[in-house]
Amino acid sequence: MSQHITWLSRSLTHRLSLVILFYMICSARGPLAAQETTAADAVRALEALTVDTIARTEKSVVAIARVRKDASGNRRQATVDPLSPDFVPNEFATGVVVDESGLVLTNYHVLGEIAQNDYFVWIQRRPFEASVHRLQKVMAVDPWTDLAVLKIDAADLVPMPLGDSNLLKKGMVVIALGNPYGIARQGEVSASWGIVSNLGRKAPRRPLPAENGSGAAASLHELGTLIQTDARLNLGTSGGALVNLRGQMIGLTSSLAALQGYEISAGFAIPVDGTFRRVLADLKAGRRPDFGFLGVQATGLSRFDRQRGRRGALVEHVLPGTPAATAGLRRGDIITRVNQQPVHDSDTLFREIGRQPALAEVALQVLREPLKK
């Protein structure tokens, strides 16, 4: 880990030195020696803050291995005990401690077919067999938000402090902690750093069975919720922590968006917002998270309307017996806001509704053409 911190320090120093040098060239107002001293002090201060943040948060990040079972229930990688130091997993990811009693948060997609896999967790060289957390016979998983909670037999863990992703802005510095290429089981987690590149990004759409409806989103994040970062997120970092310089997790690293022919991919993280906190509380308590349903088919506005600056979701059909029908929505209505949040298109509408708990009351702002006599 010391070698990695040294590399991080040099990388940080190099990148910040370029920024500070550019600033000095463009706005030099004093003696060069004084400016060089100030620049070096700024780099050292930020370097110390980064090292301290990693030291405080890495103890809450774990490595996860998934071992598949055959039809008879036997482990396919049976030649080596998965809890042995010699075991090298074929499938691996990351998790974050969310309760000192041994609860570990990760991505739902990391688990695969739960009945066909065994799970193992390493935290600071300590190996544990893990299971999907259950209370009241409810598995602590939620495909809609891509969150899941594992349970290990440990009682002295340090939970990760949670921040607020609503405070993020493009350009803020963040640190990613994870298990790239499955190597974190041999020691401590690895760190990378970067900035918040953008907010409200969409995950790639995954196909659903035909009976679920063509074009329907498989998760909330396909509708545009994710944090985008240029921090390096290599294979195995799904389920890791994206932290701010206060040492708070503001995102759970989730996926890469690699394009063919490009070596570097964009990294994404699930934001730690109100929806995240509500779902996490439900999963820890053994409750199945529930979400809102409006009951409309909607589409975006025409190109002509969008070129004129109009925004909203056009209602094409209202399903009978749904909250939308009860509220009096009808074909041709344009929904422009949900609880004062602007609606830019149909994805925005379904994202804002999909964040709400079931039975929640929401305020819709609607444009409606007057009925013709």
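Residues numbered from 1 in each chain as written. Predicted model: local features only at pLDDT ≥ 70, side-chain atom pairs only at ≥ 80, totals over all residues. Heavy atoms only, no water.

**Some thoughts on the overall build of the chain**
Of the regular secondary structure elements, the chain holds 7 helices and 20 strands. In the chain, 66% of the contacts between residues at least 6 apart in sequence involve partners at least 24 apart. Approximately 20,000 Å² of the chain is accessible, and the part contributed by carbon and sulfur atoms is 53%. (Helix = DSSP H or I, 4+ residues; strand = E, 2+ residues; numbered from the N terminus. Contact = heavy atoms within 4.5 Å. Areas by Shrake-Rupley, 256 points an atom, 1.4 Å probe, with all protein chains shown as cover.)

**Regarding the nonpolar core**
Across soluble globular proteins, you tend to see nonpolar side chains buried next to one another. Core analysis: the largest hydrophobic core is formed by 36 residues, its most contacted members being L105, L147, M249, L252 and F276. Not counting residues within four places of it along the chain, the set of residues in contact with M249 comprises V96, M160, P161, L162, G163, A241, L242, V243, V272 and F276. Within the second largest apolar cluster, 18 residues are counted, among which are I64, V97, V141 and L157. (Core = buried A, V, L, I, M, F, W, Y, C linked by side-chain atoms within 4.5 Å. Buried < 20%, exposed > 50% of the residue type's maximum accessible area, 1.4 Å probe, protein only.)

**A short note on the confidence of the model for the chain**
With 84% of its residues at a pLDDT of 70 or more, the chain shows a mean pLDDT of 86. Summarising per-element confidence for the chain, the mean pLDDT is lowest in helix α1 (residues 2–27) (39) and highest in strand β13 (residues 241–243) (98). Low pLDDT (under 50) marks residues 1–29, which in the prediction has 33 contacts with non-local residues, meaning those over four places away or in another chain. Low pLDDT, under 50, characterises residues 210–214; the stretch is placed with 0 contacts to residues that sit more than four places away or in other chains. (pLDDT = per-residue confidence, 0-100.)

**Looking at a nonpolar patch on the surface**
Taken together, Y181, I183 and L235 make up a surface patch of nonpolar side chains, about 330 Å² in accessible area. Locating I183 in the fold gives a position in the loop between β10 (173–178) and β11 (190–201). In this structure I183 comes out as partly exposed when scored by relative accessible area, which is 45%. (Patch = residues over 30% accessible without salt bridge, like charges linked within 9 Å, V, L, I, M, F, W, Y side chains within 5 Å. Salt bridge = Lys/Arg side-chain N within 4 Å of Asp/Glu carboxyl O.)

**Points about the pattern of salt bridges**
One pass over the full model with this rule turns up 17 salt bridges. The salt bridge involving D273 is made with R355; its shortest N-O contact spans 4.0 Å. Of the two residues, D273 sits in the loop between β15 (266–271) and α4 (274–285) while R355 sits in helix α7 (residues 346–355), which places them 82 residues apart along the sequence. R355 is the partner of E352 in a salt bridge, and the nearest nitrogen-oxygen pair spans 3.0 Å. Of the two residues, E352 and R355 are both situated in helix α7; the distance of 3 residues between them amounts to about one turn of the helix.

**A short note on unusual backbone geometry**
Glycine aside, negative phi is the norm for most residues, and most peptide bonds take the trans geometry. You will see that D146, though not glycine, has its phi angle at about 60°, which is positive. Within the element layout of this structure, D146 appears in the loop between β8 (141–142) and β9 (147–151). Taking the relative accessible area as the measure of exposure, D146 reaches 7% and is therefore buried. Unlike most non-glycine residues, N339 shows phi in positive territory, near 50°. Position of N339 relative to the elements: it lies in the loop between β18 (334–338) and β19 (341–342). You can call N339 partly exposed: its relative accessible area is 31%.

**Brief notes about the environment of K137**
Take K137: it is sitting in the loop between β6 (134–135) and β7 (138–139). For the pair K137 and G286, spaced 149 residues apart in sequence, the C-alpha to C-alpha distance is 7.7 Å.

**Points about the environment of G178**
Tracing the backbone through its elements, the reader meets G178 in strand β10. Assessed through its relative accessible area of 2%, G178 is described here as buried. Taking the C-alpha atoms as reference points, G178 and G240, 62 residues apart in sequence, are found 4.8 Å from one another. Among all residues touching G178, those that are not within four sequence positions of it are T94, A184, V189, S190 and T237.

**With respect to the pairing of β10**
Taking burial as the measure, the 6 residues of β10 include 5 buried ones, the bulk of the element. Where β10 meets β13, 3 bridges bridge the pair, whose relative direction is antiparallel. Of the residues in β13, the one forming a bridge with L177 is A241. (Pairing = 2+ DSSP bridges.)

**A short note on α7**
Summarising burial for α7: 8 of the 10 residues are buried, a large majority. Within the sequence span of α7, burial applies to S346, D347, T348, L349, R351, E352, I353 and G354. Turning to α7, the residues buried within the fold contact β16 (296–300), β17 (313–318), β18 and β19. Sitting at the head of α7, D345 places a side-chain oxygen 3.3 Å from the backbone nitrogen of D347. (Polar contact = N/O pair within 3.5 Å; in protein donor to acceptor, adjacent residues only side chain to side chain.)

**Description of the pairing of strand β1 (residues 61–68)**
Counted residue by residue, β1 has 7 buried out of 8 residues, so it is predominantly covered. Bridge count between β1 and strand β4 (residues 117–123): 6 bridges; the pairing is antiparallel. What sits directly across from R66, in β4, is Y119.

**A word on α4**
Between its first and last C-alpha atoms α4 spans 17 Å; for 12 residues at 1.5 Å apiece the expected length is 16 Å, and the two agree. Buried within α4 we find T275, F276, R278, V279, L280, D282 and L283. Between a side-chain oxygen at the N-terminus of α4 and the backbone nitrogen of T275 the separation is 3.2 Å; the capping residue is D273. A positive backbone phi angle near 80° is found at G286, which sits one or two residues after α4. (Expected span 1.5 Å × (residues − 1).)

**Details of the side chain of Q228**
Residue position: Q228 is located in strand β12 (residues 226–229). A distance of 2.7 Å separates a polar atom in the side chain of Q228 from a polar atom in the side chain of R201. When sequence neighbours within four positions are dropped, the list of residues in contact with Q228 reads I195, V196, S197, N198, R201, A266, G267 and F268.

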